[in-house]
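Chain residues, written in single-letter form:
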Amino acid sequence: MQMPPKVTDRAFLRLAEIGAAAQGQALRIAVEGGGCSGFQYEIALDAPKADDLELEGQGEKVVVDSVSLPFLENAVIDFTEELIGARFTIENPNATASCGCGTSFSM
């Protein structure tokens, strides 16, 4: 059985701060081919779709499509604030390598 990704309270809190649910939006996490390491994450606000896995917390949702789900098994979706900026991040135990940009990985 696949273990779905986990979303931190900090990520849900950031979604609440930007009012995603109030706008009918969720944070979509998708994996697509491309990037400098073979796969890349697409992270965007989007309306949930019928076949999405919905992860809920603090009245907000993070959604993952069925094609991306196996790539994100046991991953942790977080929100970080650093000197270079604030962003949603993905800690993916399935990635064998990643690039410096943090959005591209290989398996």
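Predicted model, so just to flag it, every value in this text is computed and none were measured. (Residues numbered from 1 in each chain as written. Predicted model: local features only at pLDDT ≥ 70, side-chain atom pairs only at ≥ 80, totals over all residues. Heavy atoms only, no water.)

So, about the sheet that holds strand β1 (residues 6–7). Pairing in this open sheet of three strands is mixed, and the strands run β1-β6-β7 from one edge to the other. Since the sheet does not close on itself, it has two edges, and those belong to β1 and β7 (85–91), each with one partner. Relative to strand β6 (residues 76–82), β1 runs parallel, the two being bridged by two bridges. Considered in β6, the bridge of Lys6 is made with Val76. Contacts from helix α1 (residues 9–18) reach β1, β6 and β7, with the element oriented near 70 degrees to β6. (Pairing = 2+ DSSP bridges. Helix = DSSP H or I, 4+ residues; strand = E, 2+ residues; numbered from the N terminus. Contact = heavy atoms within 4.5 Å. Axes fitted to C-alpha atoms, helices over the stretch in contact; angles between N-to-C directions.)

Considering the arrangement of structural elements, one finds Thr8 in the loop between β1 and α1. Between the C-alpha atom of Thr8 and that of Ile77, which follows or precedes it by 69 residues, the distance is 6.3 Å. In this view, Thr8 contacts Val76, Ile77, Asp78 and Phe79; residues no more than four positions away in its chain are not counted.

What follows deals with the pairing of strand β5 (residues 60–64). Among the five residues that make up β5, four are buried, leaving the element largely enclosed by the rest of the structure. Of the pairings in the sheet, the one linking strand β2 (residues 26–33) to β5 comprises three bridges and is parallel in character. Each residue of the ladder has a partner; that of Arg28, found in β5, is Val63. The turn linking strand β4 (residues 53–57) back onto β5 is made up of two residues, and Gln58 within it adopts a positive phi angle of 55 degrees. (Buried < 20%, exposed > 50% of the residue type's maximum accessible area, 1.4 Å probe, protein only.)

On to the environment of Phe88. On the secondary structure map, Phe88 appears in strand β7. It is 9.0 Å that separates the C-alpha atoms of Phe88 and Arg14, two residues lying 74 residues apart in sequence. Contact partners of Phe88, with chain neighbours within four places excluded, come to Ala11, Arg14, Leu15, Leu27, Ile43, Asp78 and Phe79.

A word on the nonpolar core. Residues Ile29, Val62 and Leu72 are the most contacted members of the largest nonpolar core, which totals 19 residues. Taken together, the elements giving at least two residues each to this core come down to α1, β2, β5, β6 and β7. The contacts of Ile29, once residues within four sequence positions are left out, are Glu42, Ile43, Val62, Val63, Val64, Asp65, Ser68, Leu72, Ile77 and Ile90. (Core = buried A, V, L, I, M, F, W, Y, C linked by side-chain atoms within 4.5 Å.)

A few words on the confidence of the model for the protein. Mean pLDDT for the protein: 88, with 86% of residues reaching 70 or above. Mean pLDDT across the elements of the protein bottoms out in strand β9 (residues 104–106) (54) and peaks in β1 (98). (pLDDT = per-residue confidence, 0-100.)

The next point concerns the side chain of Asp52. Tracing the backbone shows Asp52 in the loop between β3 (39–46) and β4. The exposure class of Asp52 is buried, given its relative accessible area of 11%. Separated by 2.7 Å, the side chains of Asp52 and Arg28 make a polar contact. Within the structure, Asp52 has its side chain in polar contact with the backbone nitrogen of Lys49 (distance 2.7 Å). Setting aside residues up to four positions removed in sequence, Asp52 forms contacts with Arg28, Val63, Val64 and Asp65. (Polar contact = N/O pair within 3.5 Å; in protein donor to acceptor, adjacent residues only side chain to side chain.)

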